[in-house]
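Examination of the molecular architecture
For reference, the chains in residue letters:
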Amino acid sequence: MISKTKINKPSWLNLINIDSVYSFDKQRQVFSFISEYFRHRSHLAIADITLEQKQHAHTDQLTGAPNRRFISSHFLKLTASRPAHYLPLSILLIDLDNFKQLNDSYGHDFGDTVLIEFTKLLESQFPATALKARYGGEEFVVILPLQTTLEASILANRFRECVQNHVMLTDKHQRVSLTYSMGIAQANSVDDYNNALKQADQYLYSAKAQGRNKVVSVHDQHASE
Ligand SMILES: Nc1nc2c(ncn2[C@@H]2O[C@H](COP(=O)(O)OP(=O)(O)OP(=O)(O)O)[C@@H](O)[C@H]2O)c(=O)[nH]1
């Protein structure tokens, strides 16, 4: 004898415990379940889309790094909610040197490859707890939680050497290396963040003015130049 559970029906119907789908009452139950099921499914689909849109809005599409929006809408909120786990923040503002020239010499596609490669270097060389974001164009920011600018400068100079020694190959097998300039400032509170960022930008400008391939913070005697 063929049991009732073997009647052809969509597999998701097995999710409900029904002995029979024949009585009127049971049919009503089934239909109400079906409509509930699809309502639930469409809610999940909407939730998925929203999550995907959020991810998209907070991710730099070329490099996959978090973008500037991620910092304000997530990272700073997280810092505000758990200050003891994050503050002080060291803010490292990075601008790749002579990037226009690199694009002009080797092509925009190679420039894109360099930005991707640089993001990978940031990821591998800075601690996992650091936020590494593409700020826009050839500008990046690294935020180091629980670090003073003095500690951050040591890491930053080590990374500067790592980057200048890192050789990349073009599709014509030309060897290309890269340098960057950096300004570092410290935020002791979340409210301090924007001022610290401006300060880091001034130090970055100073690093460029001093000939590039340089890290400048309050500890550098030429910082005010
Ligand atoms: N390949 C590529 N280039 C980009 C991207 N975003 C910005 N750039 C280029 O980066 C270059 C930045 O040039 P500038 O602002 O003149 O700065 P720079 O040549 O790096 O000179 P300094 O900053 O003074 O050392 C421009 O030519 C932009 O077109 C990108 O996503 N991909």
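Cut-off values and rules
Residues numbered from 1 in each chain as written. Predicted model: local features only at pLDDT ≥ 70, side-chain atom pairs only at ≥ 80, totals over all residues. Heavy atoms only, no water. UniProt positions renumbered as here; feature names shortened; annotations may be inferred. Axes fitted to C-alpha atoms, helices over the stretch in contact; angles between N-to-C directions. Helix = DSSP H or I, 4+ residues; strand = E, 2+ residues; numbered from the N terminus. Parallel < 35°, antiparallel > 145°, perpendicular 65-115°, else oblique. Contact = heavy atoms within 4.5 Å. Expected span 1.5 Å × (residues − 1). Buried < 20%, exposed > 50% of the residue type's maximum accessible area, 1.4 Å probe, protein only. Core = buried A, V, L, I, M, F, W, Y, C linked by side-chain atoms within 4.5 Å.

If you check an unreviewed UniProt entry, the protein chain appears there as diguanylate cyclase from Pseudoalteromonas haloplanktis. UniProt's Catalytic activity (unreviewed entry) comment on the protein chain is quoted here verbatim: "2 GTP = 3',3'-c-di-GMP + 2 diphosphate".

Any two packed helices are characterised by how steeply their axes cross, that is the angle between the axes, and by the distance between the axes. Contact geometry for helix H4 (residues 99–106) and helix H5 (residues 108–125): axes closest at 7 Å, N-to-C directions at 130°. Classified by the interaxial angle, the pair formed by H4 and H5 is oblique. Of the residues in H5, those in contact with Phe99, Leu102, Asn103 and Tyr106 of H4 are His108, Phe110, Gly111, Val114 and Leu115.

Take helix H6 (residues 149–165) next. Residues separated by three or four positions in an α-helix point in the same direction, a consequence of the helix having 3.6 residues per turn. When the terminal C-alpha atoms of H6 are compared, their 24 Å separation across 17 residues agrees well with the 24 Å that a helix rising 1.5 Å per residue should span. Buried residues of H6: Thr149, Ala152, Ser153, Leu155, Ala156, Phe159, Arg160 and Val163, and no others. On its buried side, H6 packs onto strand E1 (89–96), H5, strand E3 (139–145), strand E6 (180–187) and strand E7 (215–216).

Another point: the nonpolar core. Ranked by internal contacts, the top residues of the largest apolar core, which has 28 residues, are Leu92, Ile94, Leu96, Phe118, Phe126 and Leu178. Elements supplying a minimum of two residues to this core: E1, H4, H5, E3, H6 and E6. For this core, the leading source of residues is H5, giving six residues. Aside from chain neighbours lying at most four places away, what touches Leu178 is Leu96, Phe99, Leu102, Val114, Phe118, Val163, Gln164 and Met168. One finds Leu89, Ile91, Ala187 and Tyr193 within the second-largest nonpolar core, a separate group that totals 20 residues.

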